[in-house]
Amino acid sequence: EAQVTQNPRYLITVTGKKLTVTCSQNMNHEYMSWYRQDPGLGLRQIYYSMNVEVTDKGDVPEGYKVSRKEKRNFPLILESPSPNQTSLYFCASSDKTSFWNIQYFGAGTRLSVL
Amino acid sequence: DAKTTQPNSMESNEEEPVHLPCNHSTISGTDYIHWYRQLPSQGPEYVIHGLTSNVNNRMASLAIAEDRKSSTLILHRATLRDAAVYYCILRGINNAGNMLTFGGGTRLMVKP
């Protein structure tokens, strides 16, 4: 089954403790991205990657890092989480970078930073 | 990407058709109209997209006005599982980072 898998689904952590949210897709997609969803603000893109070793900032990249060493994986790293990073995070992938393509989303990771 | 306007919420009865409107008066000639939906506690899910002509797929139909300033997502027979937030999104050639810009969407409630 074609899917985007995020782990963990739920995470509670404390300020400053480094964490990684993993994202993996089994569709051989070149393009992957991370979004965060906050009430009243919709989904906002954090980082994206157009292929292996190619990453770029989205709208809200501050406080986040990403890497794309393999095509299937695109982890989101919070080196020093802060409470304002408490949010619902989604990973997405698609097979082309053209603007009409379909994006597939993971089920989400709900993060709470205390 | 140009802005879209959707009603905050709509209500439907189960097994009846639902028409979800979207206004996009500043759409450019190369903007595609995409619809995604987000079921409770899930990630967004692609529904349908189109450019000028009406489109049909197994999930829904998309009716696009002749001047392209508005469109309507049609669910032919709403089920309880269709209760979700529906997002109308324009995607054009200046879409840096292949980003989807989600507005507020329309929350569809389906009554049994």
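Quick caveat: nothing in here was measured; it's all calculated off a predicted structure. Just so you know, the residues in each chain are numbered from 1, in the order the chain's sequence is written. Think of it this way: whatever chain is written first is A, whatever ligand is written first is 1, and the rest follow in order. Whole-chain, interface and lining totals are the exception, using all residues; otherwise, since this is a predicted model, local features are given only for residues with pLDDT of at least 70 and side-chain atom pairs are given and counted only at 80 or more. Side-chain metrics in this entry use all non-hydrogen atoms of the structure; hydrogen atoms and water are not considered.

## Here's the deal with the overall build of chain B
What counts here: Numbering of helices and strands starts at the N terminus; helices are DSSP runs of H or I of at least 4 residues and strands are runs of E of at least 2. Using C-alpha atoms as the atom set, the radius of gyration is obtained and then compared with a globule rule of 2.2 Å times the number of residues to the power 0.38. Note on exposure labels: buried denotes an accessible area under 20% of the residue type's maximum, exposed denotes more than 50%, and partly exposed covers the range between, all computed with a 1.4 Å probe on protein chains only. Each accessible area is a Shrake-Rupley result for a 1.4 Å probe, and residues are judged covered by the shown protein chains and nothing else.
For chain B, the count of helices and strands is zero helices and nine strands. In terms of C-alpha radius of gyration, chain B reaches 13 Å, essentially the compact-globule figure of 13 Å for 112 residues. Dimensions along the principal axes, computed over C-alpha positions, put chain B at roughly 40 × 30 × 25 Å. Expressed as a percentage of its 112 residues, the buried residues of chain B come to 48%. As displayed, chain B offers around 5,500 Å² of accessible surface, 48% of which is attributable to carbon and sulfur atoms.

## Side note on the nonpolar core
Let me state the cut-off plainly: Nine residue types can take part in a nonpolar core, namely buried Ala, Val, Leu, Ile, Met, Phe, Trp, Tyr and Cys, and a core is a set of them joined through side-chain atoms within 4.5 Å. Here, two residues are considered to be in contact whenever any of their heavy atoms come within 4.5 Å of each other.
In this structure, Leu20, Ile33, Trp35, Leu73, Leu75, Tyr86 and Leu108 of chain B are the most contacted members of the largest nonpolar core, which totals 21 residues. Sorting the residues of this core by element identifies strand 2 (18-23), strand 3 (32-38), strand 4 (45-50), strand 6 (61-64), strand 7 (70-75), strand 8 (84-91) and strand 9 (106-111) of chain B as the ones contributing at least two each. When residues in this core are grouped by element, the largest group, four residues, is from strand 8 of chain B. Aside from chain neighbours lying at most four places away, what touches Leu20 of chain B is Met10, Trp35, Ser71, Thr72, Leu73, Tyr86, Thr106 and Leu108 of chain B. By size, the runner-up hydrophobic cluster in this structure holds 19 residues, among which are Leu19, Met27, Val66 and Val113 of chain A.

## Let's talk about the interface of chain B and chain A
Frequently, the measure chosen for interface size is the accessible area removed from exposure when the parts meet. The criterion, for reference: One side-chain nitrogen of Lys or Arg within 4 Å of one carboxyl oxygen of Asp or Glu is enough to make a salt bridge. As used in this structure description, the phrase polar contact means that two N or O atoms lie within 3.5 Å; if the pair is within protein, one of them must be able to donate a hydrogen and the other to accept it, and residues adjacent in sequence are counted only when both atoms belong to side chains.
Tallying the contact residues gives 21 residues for chain B and 23 residues for chain A. Inspection of the region where chain B meets chain A yields zero salt bridges. On inspection of chain B and its partner chain A, the count reaches three residue pairs in polar contact (both at pLDDT 80 or more). Listed by contribution, the elements that provide at least two residues to the side of chain B that touches chain A are strand 3, strand 4 and strand 8 of chain B.

## A look at the confidence of the model for chain B
Cut-off, in case you're wondering: Within a predicted model, pLDDT stands for the predictor's per-residue confidence, ranging from 0 to 100.
The predicted model of chain B averages 91 in pLDDT, with 93% of residues at 70 or higher. Averaged over each element, pLDDT in chain B is lowest for strand 8 of chain B (93) and highest for strand 6 of chain B (98).

## Focus on the sheet that holds strand 5 (residues 55-56) of chain B
Residue and element names in this part refer to chain B. To keep it simple, the criterion reads: At least two DSSP bridges between two strands are required for those strands to pair.
Read across the sheet, four strands follow the order 2-7-6-5 without closing on themselves; strand pairing throughout is antiparallel. One side of each edge strand has no neighbouring strand; the edge strands of this open sheet are strand 2 and strand 5. The pairing of strand 2 with strand 7 spans six bridges and is antiparallel. In the strand pairing of strand 7, Cys22 is matched with Ser71.

## Let's talk about the packing of aromatic side chains
The relative placement of two aromatic rings is captured by the distance of their centres and the angle of their planes. Residue and element names in this part refer to chain A. In plain terms, the rule: Pairing of aromatic rings covers Phe, Tyr and the six-membered ring of Trp, with a centre-to-centre limit of 6.5 Å; geometry is then stacked below 30 degrees between planes, edge-to-face above 60, and tilted otherwise.
All told, the structure shown has nine aromatic pairs over all chains when counted by the stated rule. Centroid distance Tyr64 to Tyr89: 5.9 Å. Interplanar angle 65°. Geometry classified as edge-to-face. Residue Tyr64 is found in the loop between strand 6 (54-57) and strand 7 (65-66), and its partner Tyr89 is found in strand 9 (residues 87-94); the two are separated by 25 residues along the sequence. Exposure class is identical for Tyr64 and Tyr89. Each is buried.

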